[in-house]
Amino acid sequence: AKAHDILILDTYIDRAMTGTNDNRPDFQRMIKDSAKREWTYILVYKLDHFSRNKYEMAMHKKTLKDNGTKVLSATEFIPDSPEGIIFESMLEDYAEYYSAELSQKIRRGNNESRHKGNLTGGRVPYGYRNENKKAVIVEHEAAIVRYIYEQYSIGVFVKDIIASLTAQGILYNGKPFVPNTVYKILKNERYAGTCTICGEVFENLYPRIVPQELYDSVRRKIDANKYGKQSVEVVYLLKHKVRCGYCGQPISADSGTSMNGEVKRYYKCRGRKIGGSCHKQPIRKDVLENLVIDKIVGQLQSPKIMKTIIDGLLLIQEQQIKDSPILNALLHEKQKADTALHNLVAAIERGIMSNTTNKRLHELEAQQEDLERQILVERSRQTTKVTEETIREFYTQALKLEPKMLITYLVKEIVLFDDRIEIYYNSPMNKSTDSPDESRGFSFYMNSFKVGFTTMSVTLFIR
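Residues numbered from 1 in each chain as written. Predicted model: local features only at pLDDT ≥ 70, side-chain atom pairs only at ≥ 80, totals over all residues. Heavy atoms only, no water.

Caption draft 1: Geometry of the side chain of Asn67. Tracing the backbone shows Asn67 in the loop between α2 (54–66) and β2 (70–73). Reaching out from Asn67, the side chain makes a polar contact with the side chain of Ser34 at a distance of 2.8 Å. Excluding residues that lie within four positions of it along the chain, Asn67 makes contacts with Ile31, Ser34, Ala35 and Arg37. (Helix = DSSP H or I, 4+ residues; strand = E, 2+ residues; numbered from the N terminus. Polar contact = N/O pair within 3.5 Å; in protein donor to acceptor, adjacent residues only side chain to side chain. Contact = heavy atoms within 4.5 Å.)

Printed below as a string of structure tokens:
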């Protein structure tokens, strides 16, 4: 600029951004400002700093030319002659070639590194750390990941998982978990030991944190939940579970408004809704749902099934006491707080004292005290076991509290006729094989109920 007596009026800098496209904030600002005609030159170090895409370069140079502006290269002499046009075109082509070749080399190098099990940059997910280009499990975080998967798989809502973690002082980057973070964890295939990059699957980059069966179960739940819109006013408990016994079509939600303005909700055969060929009569939402829930609850309250479930809950309690992810995470957080406090005290002893260090000292002391309290509470929980009598009492009262959870995890399919319902369970409700029916792999029960003007029987099977 000095050699050519050019006065610099402004600078446009996009640091550490690729020149292969024009999606650069200051570059776009420069093109826009050229319309003001406040300057006549744009000075670049080299032409490839302006653009490495010859088509975009031609388009933007035409815009600048129309605005009375010319692009000058500080390190490349381009004569203002017909030969200069050819030379400039060669430089632009070479810049694009160099960028494409460099990108190819980087992709090939990264791919070879991944095949060796090495990370190639980027942020590693929660539960891992980058140690010498290898993904290493951070055990106290991995325990929280498994806890999130296990809770979601048994039907605990994300907001309740977050509330539980927050109540126990477990944070994400110093702040409470948010739904978006939890859903990202639940959808991240790396926790199952696989990683897909550019269409290629790598199984040697991330060690497994979540068992495959648990991961698959959670993904099926998430995929199923993304279909259809959920009404904010009402929840159809049997959504995606009911099938017509006559035409085989799904039975979906339906509603109608009476003359007095009352909204009545039904389950109606899709075959009847779209073509009218099926004769299956609609059934009131509350009638069908109450019938199914009452039958499931009745099954779960049978002595044999209740004993099996309570024994299983007691076994889970023993396992959780032995290996508590919550306690491990709290102990790790306390260790970090203790180390930070020790380092800060050492700095103060060396004479480094200010308002900032004093404020930080009080924060760490408060954090340490809070963690000690939470650790004490968690340890007291482990020493206080829930008795079989308490579990039995709660179990009896709680069966109807979460009907959606019962249906989601126990019911495989409901086949609906006008005169009967067939309920198919996901797993046996009774492991006994005393009866001939049970020895063939299913349990059979028959009861009759008055539903409006129809007598309806309920048949329960196990698949």
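Additional details are given in the paragraphs that follow.
Caption draft 2: Layout of the packing of aromatic side chains. A full pass over the atoms with the stated rule returns 10 aromatic pairs. Between the aromatic rings of Tyr126 and Phe177, the centroid separation amounts to 5.8 Å while the plane-to-plane angle is 90°, which identifies the pairing as edge-to-face. You can see Tyr126 sitting in the loop between α3 (82–115) and β3 (128–131) and its partner Phe177 sitting in the loop between α5 (158–167) and α6 (179–187), a full 51 residues away along the chain. Residue classification places Tyr126 among the buried residues on the basis of a relative accessible area of 13%. Classification of Phe177 as buried rests on a relative accessible area of 3%. Each ring, one from Tyr128 and one from Tyr206, has its centre 5.1 Å from the other, and the planes form 70°; the classification is edge-to-face. On the criterion of sequence distance, the pair formed by Tyr128 in strand β3 and Tyr206 in the loop between β6 (200–202) and α7 (212–225) is long-range, its members being 78 residues apart. Neither Tyr128 nor Tyr206 differs from the other in exposure class; each is buried. Each residue in the set Tyr128, Tyr149, Tyr191, Tyr206 and Tyr215 is aromatic and connected to the rest through ring pairs, giving one cluster. The ring of Phe27 has Arg24 sitting right over it, with the charged end atom 4.3 Å from the ring centre. One Lys or Arg, Lys285, reaches over the ring of Tyr236 and ends 5.4 Å from the middle of that ring. (Phe/Tyr/Trp six-rings, centres within 6.5 Å; stacked < 30°, edge-to-face > 60°. Buried < 20%, exposed > 50% of the residue type's maximum accessible area, 1.4 Å probe, protein only. Lys NZ or Arg CZ within 6 Å of the ring centre and 35° of its normal.)

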